[in-house]
Amino acid sequence: MNTVVDNIRTVYGPTVAKELHEFSMEEDKLKFKLTGWISNVNYNVKKMVFLLFINNRLVDSTAIKRAIEHVYASYLPKGSFPFIYLSLSIAPQNVDVNVHPTKHEVFFLHQDSIIERIQQGMEEKLLNSNASRTFYTQKLLPGAGVTLE
């Protein structure tokens, strides 16, 4: 059986897959459970990849996306963005899918509080990831920089 990371590797490539950290949290008070994979500070691209599933349905949440961009802004170079895969489970009666005609954009009960907890969790995960930046270098062969006249 393929894991989420296997599927990400297949669709988005091995570069992103090796830079992912598992991310999960559960909050009884706000009645939500979150699992997912977030890129570390070594990975960044020009356009954010944000995959959000709420109750196993692919949706969009501008508020969550903005909150995540805010967290990563202190870690990534300006104009760079992370890869985020989140699966959020919320009681169905707390989700409002009637925000957009295609039912793609959603709002949910206690949205601000849940987003704040997600931000805090991501901040902790990134701070405690203990991954230093990785820089790849190439060795210059002896005499390669010499021009012949």
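First things first, this report covers the structure right here in the doc. (Residues numbered from 1 in each chain as written. Predicted model: local features only at pLDDT ≥ 70, side-chain atom pairs only at ≥ 80, totals over all residues. Heavy atoms only, no water.)

## Remarks on the overall build of the chain
When you go through the chain residue by residue, the secondary structure sums to four helices and seven strands. Going from the N terminus to the C terminus, the chain shows its helices and strands as α-α-β-β-β-β-α-β-β-β-α. Every one of the 149 residues in the chain was classed for burial, and the buried ones make up 38%. Looking at the chain alone, contacts between residues at least 24 apart form 69% of all its contacts between residues at least 6 apart. (Helix = DSSP H or I, 4+ residues; strand = E, 2+ residues; numbered from the N terminus. Buried < 20%, exposed > 50% of the residue type's maximum accessible area, 1.4 Å probe, protein only. Contact = heavy atoms within 4.5 Å.)

## As for the pattern of salt bridges
Oppositely charged side chains may form a pair once their charged atoms are brought near each other. Per the counting criterion, the structure on display carries two salt bridges. The residue Asp6 makes a salt bridge to Arg9 at a minimum N-O spacing of 3.0 Å. Linking Asp6 with Arg9, this pair stays in helix 1 (residues 4-12), spanning three residues, or about one helical turn. By relative accessible area, which is 27% here, Asp6 ends up partly exposed. The exposure class assigned to Arg9 is partly exposed, which follows from its relative accessible area of 37%. (Salt bridge = Lys/Arg side-chain N within 4 Å of Asp/Glu carboxyl O.)

## Some remarks on the sheet that holds strand 3 (residues 49-54)
Overall, mixed pairing links the five strands, which are arranged 1-2-5-3-4 in an open sheet. Because the sheet does not close on itself, it has two edges, and the strands there are strand 1 (20-27) and strand 4 (57-59). Across the sheet, the mean angle separating the axes of adjacent strands is 20 degrees when strand polarity is ignored. The pairing of strand 3 with strand 4 spans three bridges and is antiparallel. Looking at strand 4, one finds that Leu52 is bridged to Val59. Along the sheet, helix 1 makes contact with strand 1, strand 2 (32-39), strand 3 and strand 5 (83-90), crossing strand 5 at roughly 140 degrees. Helix-sheet contacts for helix 3 (residues 62-73) involve strand 2, strand 3 and strand 5, and the interaxial angle to strand 5 is about 135 degrees. (Pairing = 2+ DSSP bridges. Axes fitted to C-alpha atoms, helices over the stretch in contact; angles between N-to-C directions.)

## Considerations on the pairing of strand 3
With five of its six residues buried, strand 3 lies for the most part within the structure. With six bridges joining them, strand 3 and strand 5 adopt parallel strand pairing. Of the residues in strand 5, the one forming a bridge with Leu52 is Leu86. Taking the residues between adjacent antiparallel strands as the criterion, strand 3 and strand 4 are bridged by two residues, where Asn55 takes a positive phi near 50 degrees.

## What to know about the packing of aromatic side chains
As enumerated under the stated definition, the model contains two aromatic pairs in all. When the ring of Tyr12 is compared with that of Phe83, the centres are 5.1 Å apart and the planes differ by 70 degrees; the resulting orientation is edge-to-face. Of the two residues, Tyr12 sits in helix 1 while Phe83 sits in strand 5, which places them 71 residues apart along the sequence. A residue is classified by how much of its surface remains accessible, and Tyr12, at 38% relative accessible area, is partly exposed. Overall, Phe83 belongs to the buried group, its relative accessible area being 1%. (Phe/Tyr/Trp six-rings, centres within 6.5 Å; stacked < 30°, edge-to-face > 60°.)

## Description of the pairing of strand 2
Successive side chains on a regular strand alternate, one facing one side of the sheet and the next facing the other. Here eight bridges tie strand 1 to strand 2, and the two strands are oriented antiparallel to one another. Directly across from Ser24, in strand 2, lies its bridge partner Thr35. Inspection of the sheet shows strand 2 paired to strand 5 by seven bridges, in the antiparallel sense. When the bridges of strand 5 are listed, Thr35 appears paired with Ser87.

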